[in-house]
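# Observations on the three-dimensional arrangement
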Amino acid sequence: MLLKTKQLSKSFGGLKAMNKVDFELPKNEIRGIIGPNGSGKSTFFNLVSGIYDSDPGSYIEFDGHDITFTPPHEIASYGLSRTFQLLRLYQDMTVINNVMSGYHTRVPYKFFDAVIGRKKIWDQERAIKEEMMELLSFVGLADYAELNASELSGGQRRLLVLARAIAMKPKLLMLDEPAAGLSPVNVDNLMKIIMQLKEKYGLTLIIIEHILKVVMDTCNSVTVFDHGQKIAEGTPAQVKDDNAVIEAYLGKKMDDEEMRKALAV
Amino acid sequence: MEKFKSVIRDYPFIAFIIAFVILAFVPSVVFTDVYQSHLATLIFVNIVVAAGLNIVKGYCGQVTVGHVGLFAVGSYTAGTLFLYLGLGFWVTLPIAIIVTAFFGVAMGIPSFRLEGPYLALATLGGGEAIRLFIENGNFFRSTFGISDIPTPSLMGFNFDSPDRYYFISMTVMIIAVYFSFSILRSGVGRAFMSIREDPICAAAAGINVKKYKILAFILSAMFAGAAGAVYAHMPPGYIHPNNYTVIEMVTFLAMVVLGGLGHIWGGIIGAIVITIVYDLTRPLYKYQLLIFGLTIVLTILFMPKGLGGFIDRYFLEKRFKKKTGTEKT
């Protein structure tokens, strides 16, 4: 198991944002997470990536490391990368610097080499830049490398955030609504790029997405959250027909008799 | 030319040696009187402080308004070491740098919890506390200031006049700028910038936010400490608490803002411009603060990335046009 949580809980005051969730994810899987707004999807991401501290009694394990109370930068160094729903782009940095800052955990040299400015540093920096330019041209942003990230369009920003998250060569990539606000054509394009990247880097993916078509088409398995609890898990086809899911997402399925009653009132 | 460029790229210190040689000839070739050497020394001291301030404020995004306090720590470490132990420049400079680094840690700790204007208030308090501590203790010769701090001498040659001390300040400045360039152009500079832009995302990308914040404070404190020691030993070797007030802080801030926050040349351009303007407007001393305040406000409004960013923008647009054949709006 690459990622495993046991009894994962988080409460904000009286609100149980995450309530005793057991979650397991094997390697090389593409897992979709769906659920209504406020069901705890993003909280789950924040807990796993260490941005929030989980409540006592929780347990999170990633790639053999116990990361329950590990600070986020250490979790990242184990090979867990994520994107944010609100992008959190480094607006005032150039596109190439955005991507190169994602490389941080893999930077090979030590601080004092950098202070002294040895030749080896600049060689390594150039190698990093070349590699990152390759990544940028892969997602189609190479022409914009020297521009500020704030000058990109919405779709380009989504691609840049993706590239920045990939830069650290993660084992597990968690995407928080990668396709939000994109037009259908762009969504297809983005998903194609994500799939290519998965093949290229051997990633395991967790995708939060509201566009159900994306989830059903690309994911091997789907987990459904509602009110901080896991209400269903399985292949997309199983989940689609699960009554609890339909109830949470679409409202209750009624038979004819109930429908007639409801309409008569 | 291409070969020369690639050599400079691999060994940037060669460029600094060239700058050193050129600057070494400036006093004998360009300057007409001693006062200009004195002014040049002031410029170099300000460059060191501003380069340090640019690391913590421009790159790491931590608004500190107490930097002048660290500058004072550097000066008074050198001053008191001379006063009580009779130590000379070559000993006081490294000690001043180390002592100021510790004060930098203290100044940086509030940044773990505070940001923006709140951090500015905390550091302002820190800086003023240092000044008041110096001003009200007889240990530091409060009201009289420390005088006759000796200039350094090397192998029998005494740097005892402004046109000789120029070489000391210039050397310190070039070394400091070299360090700041190598730090900021490496991955460390990128980590600083990501913390400025978004600390949460930086943490998720594997950057130890606290460590790098405190590192930025320590580095900039070391710069301020070095500048302070150079300033204390500058002929005529006199320091007084009145040289380390909020007014000086505003001047330092104006340098970094005008030069370009988060631009690698930012502090340097700003220090040169502001120090010269400050000197030329001495007859209007009543309005100087007004001028600097306005400079900060107007620069932030109309040139948010300062002179450095302005120049960059020009070249970037030119290159973009050449590459894509289109106008970038």
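Keep in mind it's a predicted model, so treat the numbers as computed, not measured.

Okay, the domain arrangement of chain A next. All names here are of chain A. Looking at the assigned domains, one finds that chain A contains domain 1 (1-79 + 169-265) and domain 2 (89-168). Facing the 13 residues of domain 1 at the interface are ten residues of domain 2. Of all the secondary structure elements, the ones that give two or more residues to the side of domain 1 that touches domain 2 are α2 (72-77) and α7 (184-201). With five residues, the single largest contributor to the side of domain 1 that touches domain 2 is α7. When the residues that make up the side of domain 1 that touches domain 2 are grouped by side-chain class, the tally is nine nonpolar, three polar and one charged.

All right, on to the interface of chain A and chain B then. Between chain A and chain B, the contact holds 32 residues from the first and 28 residues from the second. For the side of chain A that touches chain B, the class distribution of residues is 15 nonpolar, ten polar and seven charged.

Residue and element names in this part refer to chain B. You can see P27 is positioned in helix α2 (residues 13-29). P27 sits in the partly exposed class, given 18 other C-beta atoms within 10 Å. Excluding anything up to four places from it in sequence, P27 contacts S37, D163 and Y166.

Here chain B averages 91 in pLDDT, and 98% of its residues register 70 or above. For this predicted complex, the interface confidence reaches an ipTM of 0.91, while the overall pTM sits at 0.92.

With that settled, the discussion passes to the domain arrangement of chain B. Residues and elements named next belong to chain B. Along its sequence, chain B is carved into domain 1 (1-30) and domain 2 (34-243). Its C-alpha centre places domain 1 at a distance of 26 Å from the equivalent point of domain 2. Between domain 1 and domain 2, the residue contacts involve eight residues of the former and nine residues of the latter. Along the lines of polarity and charge, the residues of the side of domain 1 that touches domain 2 split into eight nonpolar, no polar and no charged.

The subject of this paragraph is the sheet that holds strand β3 (residues 30-34) of chain A. Residues and elements named next belong to chain A. One open sheet holds the six strands; their spatial order is β6-β7-β8-β3-β9-β10, and the pairing between them is mixed. The two strands at the open ends of the sheet, each matched to only one other strand, are β6 (80-82) and β10 (229-234). This sheet shows a mean twist of 20° between the axes of neighbouring strands, independent of strand direction. Inspection of the sheet shows strand β7 (residues 172-176) paired to strand β8 (residues 204-208) by five bridges, in the parallel sense. Following the sheet pairing, D176 is matched in β8 by I208. On top of the sheet, helix α1 (residues 41-48) reaches β3, β6, β7, β8 and β9 (221-226); it is set at about 145° to β7, its chief contact.

As a further point, take the sheet that holds strand β2 (residues 15-25) of chain A. Residues and elements named next belong to chain A. The sheet built from four strands is open, its strands ordered β2-β1-β4-β5 with antiparallel pairing. The outermost strands of the open sheet, each flanked by one partner alone, are β2 and β5 (65-66). In terms of strand pairing, strand β1 (residues 3-12) meets strand β4 (residues 59-62) through four bridges, oriented antiparallel. Its bridge partner lying in β4, K4 is registered against E61. Here α1 sits on the sheet in contact with β1, β2 and β4, set at roughly 65° to β2.

Residue and element names in this part refer to chain A. Here S54 lies in the loop between α1 and β4. Judged by local crowding, S54 falls into the buried class, with 23 C-beta atoms found within 10 Å. Once the C-alpha coordinates of S54 and T68 are considered, the two residues, 14 residues apart in sequence, prove to be 7.2 Å apart. Apart from the residues within four sequence positions on either side, S54 is in contact with L8, S9, K10, L47, I60 and T68.

Attention shifts here to the nonpolar core. Side chains of a nonpolar character, in soluble globular proteins, are inclined to be buried together. Core analysis: the largest hydrophobic core is formed by 170 residues, its most contacted members being A163 of chain A together with V48 and A226 of chain B. Among all residues touching A226 of chain B, those that are not within four sequence positions of it are V48, G74, L93, I97, V172 and A176 of chain B.

Below, the discussion takes up the environment of V224 of chain A. Residue and element names in this part refer to chain A. Relative to the assigned elements, V224 resides in strand β9. With 15 residues separating them along the chain, V224 and V239 place their C-alpha atoms 8.0 Å apart. Setting aside its immediate chain neighbours within four residues, V224 contacts I34, G35, I231, A232, V239 and V245.

Residue and element names in this part refer to chain B. Two elements in contact, helix α3 (residues 34-59) and helix α10 (residues 209-233), have axes separated by 8 Å at closest approach and are oriented at 165°. By the criterion of interaxial angle, the relationship of α3 to α10 is roughly antiparallel. In this structure, α3 meets α10 at a crossing whose hand is left-handed. Judged by residue contacts, V45, V48, V49, A51, G52, L53, I55, V56 and Y59 of α3 engage A216, F217, L219, S220, F223, A224, A226, A227, V230 and Y231 from α10. Tallied by class, residues from the contact of α3 with α10 come to 17 nonpolar, two polar and no charged.

Residues and elements named next belong to chain B. One can describe the packing of α3 onto helix α11 (residues 246-259) by two numbers: an axis separation of 9 Å at closest approach and a directional angle of 70°. Classified by the angle between their axes, α3 and α11 sit roughly perpendicular to one another. As α3 packs across α11, the resulting crossing turns out to be right-handed. Residues N46, V49, A50, L53, N54, K57 and G58 of α3 touch α11, and the partners they reach there are F252, M255, V256 and G259. Here the contact of α3 with α11 is composed, by residue class, of six nonpolar, four polar and one charged.

So, about α1 of chain A. All names here are of chain A. For α1, a buried count of eight out of eight residues is recorded, marking the element as mostly surrounded by other parts of the structure. Burial in α1 covers these residues: K41, S42, T43, F44, F45, N46, L47 and V48. Downstream of α1 by one or two residues, G50 has phi in the positive range, about 90°.

The rules behind these values
Within each chain, residue numbers correspond to sequence positions counted from 1 in written order. As they are written, the chains are lettered A onward and the ligands numbered 1 onward, keeping that order. Since the coordinates come from a predicted model, pLDDT governs what is reported: local features require at least 70, and pairs of side-chain atoms require 80 or more to be given and counted, while whole-chain, interface and lining totals use all residues. Domain delimitation in this document rests on an assignment produced automatically or drawn from a domain database. By definition, residue pairs are in contact when their C-beta atoms, positioned from the backbone, come within 7 Å. Helix and strand labels come from DSSP, where a helix needs a run of H or I of at least four residues and a strand needs a run of E of at least two; each type is numbered from the N terminus. Lys, Arg, Asp and Glu make up the charged group, whereas Ala, Val, Leu, Ile, Met, Phe, Trp, Tyr, Cys and Pro make up the nonpolar group; the residues left over, Gly among them, are polar. Three exposure classes are used. Buried residues have 20 or more other C-beta atoms within 10 Å of their own C-beta, exposed residues have 12 or fewer, and partly exposed residues fall in between, all C-beta atoms being placed from the backbone. For every residue, the predictor states its confidence as a pLDDT score lying anywhere from 0 to 100. If DSSP finds at least two bridges between two strands, the strands pair. Every axis in this analysis is a line fitted to C-alpha atoms, fitted for helices over the stretch in contact. Angles between the N-to-C directions lie between 0 and 180 degrees. The term nonpolar core refers to a group of buried residues, namely Ala, Val, Leu, Ile, Met, Phe, Trp, Tyr and Cys, whose C-beta atoms join them within 7 Å. Roughly parallel means an angle under 35 degrees; roughly antiparallel means over 145; roughly perpendicular covers 65 to 115; every other angle is labelled oblique. Here is the rule for handedness: rotate from the far helix to the near one, and if that takes an anticlockwise turn smaller than a right angle the crossing is left-handed, while a clockwise turn gives right-handed.

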